[in-house]
Amino acid sequence: MTSNIVEIDNISFGYKGRLLHKNINMVFPRGKVVAIMGGSGSGKTTLLRLIGGQIKPTNGQVRVNGKVVHEQNRKGIYQLRRTMGMLFQHGALFTDLSVFDNVAFPMRELTDLPEPMIRDLVLMKLNAVGLRGAHQLMPTELSGGMARRVALARAVALDPNIIMYDEPFAGLDPISMGVICDLIRSLNDALGATSIIVSHDVKETFLIADYVYFVANGEVAAEGTPHDLMLSTLPFVHQFVHGEKDGPVPFHYPAENYQSELLKQSALMKI
Amino acid sequence: MKSILFNRLTKLLTGIGRRMIERIWRLGAGARLFFLTIVYSGESFKRFHLTLREVYFTGVMSLLIIIVSAFFVGMVLGLQGYNTLQKYGSSEAIGVLVALSLVRELGPVVTALLFAGRAGTAITAEIGLMKTTEQLSAMEMMAVNPIARVVAPRFWAGVISMPVLAALFSMVGVLGGYIVAVPLIGVDDGAFWSQMQANVDVREDIINGVIKSVVFGVACTMIALFEGFDAPPTAEGVSHATTRTVVISSLTVLGLDFVLTSFMITV
């Protein structure tokens, strides 16, 4: 058994003629919380989809528990996914099922556990995220933060070895953000799992991550512990961590010269 | 001048070619989904409550529109039929006319059109939204096959519901025709029913009607499912997919009706 539960080895991925990732290498050691950070559209979520086997890389390999994900057939991929849990950006709760049934869903679908045991397990998972009292509510009756917590309870329903979080802090109020932050760390440690967080929220991610990868322009731009990255002098990392408006990531989308474009418009008006 | 014409012609041909390729691709993708739905149907029968739940949403929830429409269609048939038949002195044959029109054609066809508008759009919108809100991806990531869990139960629910709805449509339609012909116009009660009994054949009329409704059930449900499954995950994408469901289902039902009728008449 290798010490890394997930290994991304020299991966390239692109579609519609555009290369999104170029020769990316990452490792995710067992029991750690590892974050992948980067600007919007930098392909962070795509990396999670590559790990989950929802898409295939153009080049390179993703190995989960030593198995190359894209070489597995459907059955093999489903077996790998049974060891994973994923929290989607907006929760992705099943809107026709109650909170209880959402958390019970993977247990009912993938195990032969008797219903009384499922009931106990669901209540335990909901209790862990502080929503045992909300088990009868429907997803439409939940706030954004509550929905994210229910989705978290569902993601850990079968005690996965790997838990993936896609933008877990996006759009949450500070209290909910703090709650989710604590839960990610405590669930990871309690389950002895490995957490992979995709996020662009620096403060919260740095608070709980053991190691961070920065992705920019399809490559790993920087990596290290949160402490190292806070002190980093690399221009991209500095701009990102301190939220500076301009830098290697330009404020303006590529465009022609501002002055000449305005003059062109004026000339057209005259005609 | 020549080069401009050539460029426009090239653009036109490229556009036609692109659309043709897109249509063929969609046809292939639809056929693939149909094949996979059949392959992964075991779950729908093993856990029949999943299919029954969908029968409620597609079939039972469509009952009102089917019954009300059937009643009016039957009454109009009674009025129009009587108006024509009395010119030839055979107004007693009104029962046969109403029953044959409904059982052979109007029952299956109008039910399928209403089904596409009521249940088909609901299926497309539901699956499209499930895709937009990542519910299908979440299922995939939980190692649960969405085709087995979401598509197949809805498919079989549509296939089961359609013949039942079509049969109900024909029954209520005959009742509507009866109310217009017998109590309102005064056609003889016995003649209405006895002529119907004597001239409606189980094999040629009723069974053929059931065959049609099953085929329409497969077509309408599969189109609705495919459009939902293939919808771009945006509000606009789901809205276009819902519209396409109604348009494609309606045209498919009318086209299939002609093909099936021509086979049935030949046979």
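Note that the coordinates shown come from a computational prediction; the quantities given were computed from them, not determined experimentally.

Caption draft 1: Looking closely at the overall build of chain A. Within chain A, the secondary structure is distributed over 10 helices and 10 strands. For the C-alpha atoms alone, the extent of chain A along its principal axes is close to 75 × 45 × 40 Å. In chain A, which comprises 271 residues, the share counted as buried stands at 37%. The long-range fraction of contacts in chain A, counting pairs at least 24 apart against all pairs at least 6 apart in sequence, stands at 64%.

Caption draft 2: Highlighting the overall build of chain B. Helix and strand counts for chain B stand at 10 helices and zero strands. Taken from N to C terminus, the helices and strands of chain B fall in the order α-α-α-α-α-α-α-α-α-α. The dimensions of chain B, computed from C-alpha atoms along their principal axes, are 70 × 65 × 35 Å. Scored against the burial criterion, the 267 residues of chain B give a buried share of 43%. The long-range fraction of contacts in chain B, counting pairs at least 24 apart against all pairs at least 6 apart in sequence, stands at 87%.

Caption draft 3: Layout of the nonpolar core. By size, the foremost hydrophobic cluster in this structure holds 134 residues, and its most contacted members are A:I51, A:V150, A:A151, A:M164, B:C220 and B:L225. Apart from the residues within four sequence positions on either side, B:L225 is in contact with B:L33, B:I123, B:I127, B:V151, B:R154 and B:F155.

Caption draft 4: Structural view of the environment of B:A235. Counting through the fold element by element, B:A235 comes out in helix α10 (residues 235–266). On the basis of neighbour counts, which here come to 11 C-beta atoms within 10 Å, the residue B:A235 falls in the exposed class.

Caption draft 5: Quick peek at the environment of A:R132. All names here are of chain A. Looking at the element boundaries, R132 is found in the loop between α4 (115–128) and α5 (144–155). With 77 residues separating them in the primary sequence, R132 and A209 have C-alpha atoms 27 Å apart. Ignoring any residue separated from it by four or fewer positions in sequence, one finds R132 in contact with L123, L126 and N127.

Caption draft 6: Molecular detail of the pairing of strand β4 (residues 59–64) of chain A. Residues and elements named next belong to chain A. With five bridges joining them, strand β1 (residues 4–15) and β4 adopt antiparallel strand pairing. Bridge pairing in β4 links S12 to N59. The sheet contact formed by β4 and strand β5 (residues 67–68) spans two bridges and is antiparallel. Its bridge partner being in β5, V64 is matched across the sheet by K67.

Caption draft 7: A look at the interface of chain B and chain A. Each partner contributes residues to the interface: chain B has 10 residues there, and chain A has 14 residues. When grouped by side-chain class, the residues that make up the side of chain B that touches chain A number five nonpolar, three polar and two charged.

Caption draft 8: Seen up close, the pairing of strand β10 (residues 219–224) of chain A. Two elements, strand β9 (residues 211–216) of chain A and β10(A), share five bridges in a ladder whose sense is antiparallel. Residue pairing in the sheet places A:F214 in a bridge with A:A222 of β10(A).

Caption draft 9: View of helix α1 (residues 44–51) of chain A. Residue and element names in this part refer to chain A. Most of α1 is tucked away, with six of its eight residues classed as buried. What α1 keeps buried is the set K44, T46, L47, L48, L50 and I51. Just downstream of α1 lies G53, where phi reads positive at about 75°.

Caption draft 10: Highlighting the sheet that holds strand β2 (residues 18–29) of chain A. Residues and elements named next belong to chain A. Ordered in space as β2-β1-β4-β5, the four strands form an open sheet in which the pairing is antiparallel. The open sheet has two edge strands with one neighbour each: β2 and β5. In the packing of α1 onto the sheet, the strands contacted are β1, β2 and β4, and the crossing angle to β1 comes to about 120°.

Caption draft 11: Geometry of the confidence of the model for chain B. Scored by pLDDT, chain B comes out at a mean of 92, with 99% of its residues at no less than 70. Scoring of the predicted complex yields 0.86 for pTM and 0.82 for ipTM.

Here is what the cut-offs are and how they apply
- In this convention, every chain numbers its residues from 1, walking through the sequence in written order.
- As they are written, the chains are lettered A onward and the ligands numbered 1 onward, keeping that order.
- A pLDDT threshold of at least 70 governs which residues receive local features in this predicted model, and a stricter bar of 80 or more applies before side-chain atom pairs are shown or counted, although totals over entire chains, interfaces and linings include all residues.
- The secondary structure listing takes helices from DSSP runs of H or I that are at least 4 residues long and strands from runs of E that are at least 2 residues long, numbered from the N terminus.
- Remark: C-beta atoms are placed from the backbone, and a residue is labelled buried if 20 or more other C-beta atoms sit within 10 Å of its own, exposed if 12 or fewer do, or partly exposed between those counts.
- Once C-beta atoms are placed from the backbone, any two residues with those atoms within 7 Å are in contact.
- The term nonpolar core refers to a group of buried residues, namely Ala, Val, Leu, Ile, Met, Phe, Trp, Tyr and Cys, whose C-beta atoms join them within 7 Å.
- Any two strands with at least two DSSP-identified bridges between them are counted as paired.
- Side-chain classes follow a simple rule in which Ala, Val, Leu, Ile, Met, Phe, Trp, Tyr, Cys and Pro form the nonpolar group, Asp, Glu, Lys and Arg form the charged group, and the remainder, Gly included, forms the polar group.
- Structural elements are reduced to axes, namely lines fitted to C-alpha atoms, with helices fitted over the stretch in contact, and the angle between N-to-C directions of any two is expressed from 0 to 180 degrees.
- The predictor attaches a confidence to each residue, and that confidence, scored 0 to 100, is pLDDT.

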